[in-house]
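Each chain, written out:
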Amino acid sequence: MGAEKTDATADHTSKGEFSDVSGHDGESLQGPSRYTLQRKLKNRHIAMISIGGVIGTGLFVGTANSLSYGGPIGLLLGYIVMGTIVYCVMISLGEMVAYLPIPGGHIKLAERFVDPAFSFAMGWNYWYDWAIGSEIAAAALLINYWNYTVNDSVWVVICLAVVVAINMLGAGAYGEAEFIFASIKVITITGLIILGIIIDLGGGPNRDRIGFRYWKNPGPFVQYNGIQGAKGRFLGWWAVLIQAAFSFIGTEIVAIAAGEAKNPRHTLPKAIRRVYIRILLFYIGGTLVIGLLVPSNNPLLVLNSGTAQSPFVIAIETAGIRFLPSIINACLLTSAWSNSSSSLYTASRAIHGLAASGNAPKIFLRTTRNGLPYVAVLFTAIFSFLAFMAVSKGAGSVFNWLSDMTSVAGLMTWFGISVTYLRFYKGMQVQGIDRKTLPYYTNLQPYAAWWGVVSTITICFFSGWSVFLEGNWNTATFVTNYVLFITWPILYFGARLYYGTKPIAAADMDFKRDIAEIVADSYEEPPPKNKMEAFWQWLM
């Protein structure tokens, strides 16, 4: 079968991509590789990763802060705006990775269509984005719901052990684990939305028909930091955006997984087309229900307390449903584990891709016989120990800090993807390639990509605005919001000076390399034998 082949002979860079460097000190990495990443992620893995893989603590837990910042309408509008940005970024990314599903994803595409220095900055930013352990801190926060007397370090160690074990078993094991975890998340959020509607209509044990009560009192918006009028309401809505970004971060993981996906030209377009389902049903639907069920002035929404709860759990407890809050919290805990596993998987593949481009030490190219980049996985896992800050500073505060850093780094990744697409689009125009012949395209380009560029950079620039309010200075908040935003241009211009690179002209862009290997890895899916198989193929 074509899907079982690997890109062992693909010469992705002048240094030779994804070669095993053991025993080759100082030698060129050109030519066929002995061990490489292998296409082990099946259709259902990619489908579930794209649908539910990044639904996590941002939606389940982080929305607590957002509701207290912006109120129910501010929360909903913030997620709608961020949803439009995510959709535009994903259709831009989808067009590129469906055509060139190569290891390294958008990092390698930036090298090919923008500038090797741009790829350098984008790659290290992306690696750091996923290497920090915000989800593990969130796991400790969720476990505190049951027992606040045990030191958070115990929970951090347990979560780390599970995450590293899953990733050390390889892409196939990660795909299976993520399929199970993502299925739990999809079932959980769907069930919570349905249950939320029932509770709102008075179907809970307390028979309290809530309706739109909390949109009237305490109100649809929050006057942020006590600032009155339209200004305070606008600032409350703006404060939601950075947290909403954290909830959506990771949607682009399908690009990194493309290098290990079977039959990528079939599975990736299908996955990209379903992005709007996740945005509308899970994120917009979820935030709408949260705004109906929990008042924005509920003290349990403040994550800095260290004992904060998911808004869904707060609503279920208030409705008087016994036992279910613990079950839901357990499901949310698997969500934190899932996202932590995805973080380690993505970061390890990112640094593997950086090494393939000569932008990281060659040791990160080493893989096992089964295609596991074990050096990249173990090195990246070390940085998950940042989650131990939860022990001294409190899980709630650490989750806020790390989620802020993740949000800014993720937004800069989306900025980079959008810029890369604009160059990709320009190259297609100049070289006379009809985009309608691509495996996936939309008629919204290049306007969608421009919206991605402008919106992401604007939100990053104003991400830490709250610390400049009178009496509101917080050094930790300032640093976590701006350190990665400032680091990006330093990495880019530093790499340009050091390597002497320059932007790639549209006429010189290479749209042909790797195509033969990609076509060889593609095949027609066998037709379904019955209605059940037809439904499964449609679903996955």
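The structure displayed is predicted, hence computed values, not measured ones.

Another point: the overall build of the protein chain. When its secondary structure is counted, the protein chain shows 21 helices and zero strands. Burial statistics for the protein chain: of 540 residues in total, 61% are counted as buried. Within the protein chain, contacts between residues at least 6 apart in sequence are counted, and of these 82% link residues at least 24 apart.

Before going further, it helps to spend a moment on the packing of helix α4 (residues 116-131) against helix α19 (residues 475-499). Between α4 and α19, the shortest axis-to-axis distance is 8 Å and the interhelical angle comes to 145 degrees. Helix-helix and strand crossings are classified by hand; for α4 and α19 the assignment is right-handed. Across from A117, F118, F120, A121, M122, W124, N125 and Y128 in α4, the residues of α19 making contact are L484, W488, L491, Y492, A495, R496 and Y499.

We now examine the nonpolar core. Grouped together as the largest cluster of nonpolar side chains are 142 residues, with contacts concentrated most on M82, W414 and F424. Dropping the residues within four chain positions of it, M82 is found in contact with L241, A244, A245, F248, L411, W414 and I459.

Turning our attention to the confidence of the model for the protein chain. The predicted model of the protein chain has a mean per-residue pLDDT of 78, with 77% of residues at 70 or higher. No element of the protein chain has a lower mean pLDDT than helix α16 (residues 389-393), which averages 56, and none a higher one than helix α18 (residues 447-461), which averages 94. Counted against residues more than four places away or in other chains, residues 1-35, with its pLDDT under 50, gives 88 contacts.

What follows deals with the pattern of salt bridges. Inspection of the entire model under this criterion finds five salt bridges. Of the charged contacts in the structure, one is a salt bridge between E95 and R435, with a shortest N-O distance of 2.7 Å. Taken as a pair, E95 in helix α2 (residues 57-99) and R435 in the loop between α17 (395-430) and α18 lie far apart in primary sequence, 340 residues in all. Note that R213 and D208 form a salt bridge whose closest N and O atoms lie 2.5 Å from each other. Among the residues examined, R213 registers a relative accessible area of 33% and is labelled partly exposed. Classification of D208 by relative accessible area gives partly exposed; the value is 26%.

Positionally, S463 belongs in the loop between α18 and α19. By relative accessible area, which is 9% here, S463 ends up buried. Here the side chain of S463 touches C460 through a polar contact of 2.9 Å, landing on its backbone oxygen. For S463, the side chain forms a polar contact with the main-chain oxygen of N481, separated by 3.4 Å. If we ignore the near neighbours within four places in the chain, the residues touching S463 are I242, V408, N481 and Y482.

This part covers the packing of aromatic side chains. One pass over the full model with this rule turns up 32 aromatic pairs. Among the aromatic residues, those joined into a ring-pair cluster are Y99, F113, Y421, F424, Y425 and F511. Directly above the ring of Y214 sits R213, whose terminal nitrogen or CZ lies 5.8 Å from the centroid.

Positionally, Q445 belongs in the loop between α17 and α18. Here the side chain of Q445 touches S92 through a polar contact of 2.9 Å, side chain to side chain. There is a polar contact of 3.2 Å between the side chain of Q445 and the backbone nitrogen of A449.

Calculation notes
Residues numbered from 1 in each chain as written. Predicted model: local features only at pLDDT ≥ 70, side-chain atom pairs only at ≥ 80, totals over all residues. Heavy atoms only, no water. Helix = DSSP H or I, 4+ residues; strand = E, 2+ residues; numbered from the N terminus. Buried < 20%, exposed > 50% of the residue type's maximum accessible area, 1.4 Å probe, protein only. Contact = heavy atoms within 4.5 Å. Axes fitted to C-alpha atoms, helices over the stretch in contact; angles between N-to-C directions. Left-handed = near helix turned anticlockwise from the far one by under 90°. Core = buried A, V, L, I, M, F, W, Y, C linked by side-chain atoms within 4.5 Å. pLDDT = per-residue confidence, 0-100. Salt bridge = Lys/Arg side-chain N within 4 Å of Asp/Glu carboxyl O. Polar contact = N/O pair within 3.5 Å; in protein donor to acceptor, adjacent residues only side chain to side chain. Phe/Tyr/Trp six-rings, centres within 6.5 Å; stacked < 30°, edge-to-face > 60°. Lys NZ or Arg CZ within 6 Å of the ring centre and 35° of its normal.

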